[in-house]
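Listed below, chain by chain, are the residues.
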Amino acid sequence: MTTVAVKPATMAQALGRALRDSMAEDPTVHVMGEDVGTLGGVFRITDGLTKEFGEDRCTDTPLAEAGILGTAVGMAMYGLRPVVEMQFDAFAYPAFEQLISHVARMRNRTRGAMPLPITIRVPYGGGIGGVEHHSDSSEAYYTATPGLHVVTPATVEDAYGLLRASIASDDPVVFLEPKRLYWSKAEWNPAAPTAVPGIGKALVRRAGTSATLITYGPSLPVCLEAAEAAREEGWDLEVVDLRSLVPFDEETVVASVRRTGRAVVVHEANGFGGPGAEIAARVTERCFHHLEAPVLRVTGFDIPYPPPMLEKHHLPGVDRILDTVARLQWEN
Amino acid sequence: MRTTEQSVGEALQSPATAGGGPALTLPASHEEVYAAMTVQELPGAGASYRPTPPPAWRPRTDAAPLLPDPEPYRVLGTPAAEKLDPDLMRRCYAELVRGRRYNAQATALTRQGRLAVYPSTVGQEACEIAAALVLSEQDWLFPSYRDTLAAVARGLDPVQALTLLRGDWHTGYDPRETRIAPLCTPLATQLPHAVGVAHAARLRGDDVVALAMVGDGGTSEGDFHEALNFAAVWQAPVVFLVQNNGFAISVPLAKQTAAPTLAHKAVGYGMPGRLVDGNDVAAVHEVLAEAVHRARSGGGPTLVEAITYRMDAHTNADDATRYREDDEVAAWREHDPVDLLERELTARGILDEAGIQAAKDAAETMAAALRERMNADPVLDPMDLFTHVYAEQTDRLREQAAMLRAELDAEAQA
């Protein structure tokens, strides 16, 4: 008989476990947001936290995102470590003034005297059939704001590790949770979670030689699937998972593209001014003499997020990725 | 939460305590009405239809005790002035005179190019001083960009208080050490911070009150609403001081709100509102001290509206003659906070010529020192631009810092 030590866990469970372990380890960690208490959050990420730690540690707040983040700023000023839940990507916008004018600047404004260790959890991205305002990929707003870290896991293991690291960080972290992957499963042992990774380290998820797919969050599984399909075309694709957009692990990306000589950036967010634009520019600057083709991008269209019955046309899919890879000037 | 299964009669027997709010006291007439509607006792009621209030409804806080004063509360020039504390009033007087001189000096520094901008509080000194003096050592002050005088009256070095306005850095002091939050420029956005500090302190069992300052224009902002709402729901030990100085730059209060008074806004959140003469330092001090005491003893937040007037333009860069009449300014000059106190104290023998002169001399000493120190060029290191963005510099910032370093070195060699 063999004992089953490792059971499949979902990303949602791993995130919840990360919150629980952070709260158990550090009494200054406070979870707050809409419906995070009795209900356990609309995605059940905070399930059981109020029961275990009490309402003062996991708090149902009034329904007001600026107020949630604004009071979290004050709590952090006083020495607490708030973890704020924004219910959906597009519901986080009312909090932008607090985020941009205060959260991102307080350390700088006070010359380091008052850092704000706040983690802002934001479920993001499409693919769940959500109606309007439930599927935005808002990362470019955050990456455009100096002073914020922007982190996004793509695997169950990273969901745990990166959230632990984000909460432990003394800087504010916008923690983007790919809601499409909440129910993705992996073998992961919550009783013996792996070591907490540092923020800002990309990973090569699949080694390859023909071209590099640079991606993150909800697009990672799509890219891995595309890489498998590409074998039929004779392409051996490397897939890099950024895991954090700020800091951006340029070295891992540059090393990969210098090896493969070709690169495609893949994300759900709109193309114009999206993270892919910056990544493509940097890759071009640093890999110019290694490149066999221009750096291409597969992104969401530059349109407001489509209604759910049309979203499949908008989201980067395997076919569009392969079509783009085909345009990497292989005839040369 | 009370459930809909409970009758109104039951609800009345156990006063509402949800959210830690004040115990419910309803006027007898209401009680009688709702007791009569307790369905079980209703004789002859049909079995299928029993009229009751809407199921989820239950009586909450009584609004009457929360209503603000019918007119601005005053002490100076009223019988209440007989009970003035002479020592406190002499201190207030000295601070008012110093504050008036500080305002004049700061405005002069803008003309000399030593301050980028200065939003004056001439005419509002009573509010600034009282806000600072009612707080204890461990309490927190949340000033807006106009409230450098409150920070100085709390003991902050004036040069540090003016750092933002000089332009050499965004905050010139350590907010934790001084318990003075950074001067806040985006209107009302510091109010939720005050609620957060007060809430966190209460969770930790610390005896801390936060006093947050905002102007009449700021009360239109969403953050004002959200801060008051959170404070009341959490019963956070916060005092909100609105200085209604008549104008948001050029826009008068009539275009800002249709509320009976700004203090009335408190009632909507379930907290008491107070209305006070903002140029009567004794009255402002008394009202704020009561609010601070209430917060400290677990009574929750208070909204105080102080009626005052911005005698100067919005800043040195503004022209107030474009939007207000001279006779309005003249009328307020007759209600000057320094004069009001000086007249009361001299008439009561609390202040004499020597006391007045001593206050003036102390103010001149402060101004001279401020002038001299502000005339020295601040020493700046451009490399500081990259030092405090993150706890640890990112590769990208290191690269950009190296670029600036090289430019500076080349400049130095040229």
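- The name that an unreviewed UniProt entry assigns to chain A is 3-methyl-2-oxobutanoate dehydrogenase (2-methylpropanoyl-transferring), with the source organism given as Streptomyces bambusae.

## Structural notes on the domain arrangement of chain A
Residues and elements named next belong to chain A.
- For chain A, the assigned domains read domain 1 (8–187) and domain 2 (203–326).
- Computed over C-alpha atoms, the centres of domain 1 and domain 2 are 26 Å apart.
- Contacts between the two partners involve 26 residues from domain 1 and, on the opposite side, 22 residues from domain 2.
- Taken together, the elements giving at least two residues each to the side of domain 1 that touches domain 2 come down to α6 (139–143), β6 (149–151), α7 (156–168) and β7 (173–178).
- When its residues are assigned to classes, the side of domain 1 that touches domain 2 shows 11 nonpolar, 10 polar and five charged.

## What to know about the interface of chain A and chain B
- Chain A puts 34 residues into the contact, and the matching count from chain B is 33 residues.
- Those elements giving two or more residues to the side of chain A that touches chain B turn out to be α3 (65–77), α4 (96–103) and α5 (106–109) of chain A.
- The leading source of residues in the side of chain A that touches chain B is α3(A), at nine residues.
- Classifying every residue of the side of chain A that touches chain B by side-chain character gives 15 nonpolar, 11 polar and eight charged.

## Describing the sheet that holds strand β11 (residues 237–241) of chain A
Residues and elements named next belong to chain A.
- Taken in spatial order, the five strands of this open sheet run β9-β11-β10-β13-β14, and their pairing is mixed. Where the open sheet ends on each side, the last strands, each with one partner, are β9 (203–206) and β14 (296–300). On average, adjacent strands in this sheet sit at an angle of 25° to one another, irrespective of strand direction.
- Taken together, the three bridges between β9 and β11 define a ladder with antiparallel strand orientation. Within the sheet, the bridge partner assigned to Arg206 lies in β11 and is Val239.

## A closer look at the sheet that holds strand β2 (residues 29–33) of chain A
Residues and elements named next belong to chain A.
- Overall, mixed pairing links the seven strands, which are arranged β3-β2-β4-β5-β7-β6-β12 in an open sheet. Unpaired on one side and paired on the other, β3 (58–60) and β12 (244–246) mark the two borders of the sheet. Each strand of the sheet is rotated relative to its neighbour by a mean of 20°, with strand direction disregarded.
- As defined by bridge partners, strand β4 (residues 81–85) adjoins strand β5 (residues 119–124) across three bridges and the pair is classed as parallel.

## Quick look at the UniProt feature "domain: Transketolase-like pyrimidine-binding" (unreviewed entry) in chain A
- UniProt annotation of "domain: Transketolase-like pyrimidine-binding" (unreviewed entry) refers to residues 9–184 of chain A when read in the numbering used here.
- What you have in residues 9–184 of chain A is 36% helix and 17% strand, and the ends, taken at the C-alpha atoms, are 8 Å apart.

## Quick notes on the pairing of strand β13 (residues 263–270) of chain A
Residue and element names in this part refer to chain A.
- Within β13, eight of the eight residues are buried, leaving the element largely enclosed by the surrounding structure.
- Judged from the three bridges that link them, strand β10 (residues 211–215) and β13 form a sheet pairing that is parallel. By the bridge assignment for β13, Ile214 is matched with Val265.
- Note that β13 and β14 share four bridges and pair parallel. From the neighbouring strand, Val264 faces β14, where its bridge partner is Leu296.
- In terms of handedness, the path from β13 via helix α10 (residues 275–287) over to β14 forms a crossover that is right-handed.

## So, helix α3 (residues 86–111) of chain B
- Between its first and last C-alpha, α3(B) extends 38 Å over 26 residues, near the 38 Å set by a 1.5 Å rise per residue.
- Positive phi appears at B:Gly113, one or two residues downstream of α3(B), with a value of about 75°.

## Brief notes about the environment of A:Ala90
All names here are of chain A.
- Position of Ala90 relative to the elements: it lies in the loop between β4 and α4.
- Ala90 gets classed as partly exposed once you count the C-beta atoms within 10 Å, which come to 17.
- Through-space distance from the C-alpha of Ala90 to that of Pro123 is 9.3 Å; in sequence the pair is 33 residues apart.
- Among all residues touching Ala90, those that are not within four sequence positions of it are His133, His134 and Asp136.

What counts as what
Residues numbered from 1 in each chain as written. Chains lettered and ligands numbered in written order. Predicted model: local features only at pLDDT ≥ 70, side-chain atom pairs only at ≥ 80, totals over all residues. Domains from an automatic or database assignment. Contact = placed C-beta atoms within 7 Å. Helix = DSSP H or I, 4+ residues; strand = E, 2+ residues; numbered from the N terminus. Nonpolar A, V, L, I, M, F, W, Y, C, P; charged D, E, K, R; others polar. Pairing = 2+ DSSP bridges. Axes fitted to C-alpha atoms, helices over the stretch in contact; angles between N-to-C directions. UniProt positions renumbered as here; feature names shortened; annotations may be inferred. Buried ≥ 20, exposed ≤ 12 C-beta atoms within 10 Å, placed from the backbone. Right-handed = clockwise from strand over helix to strand, strands pointing away. Expected span 1.5 Å × (residues − 1).

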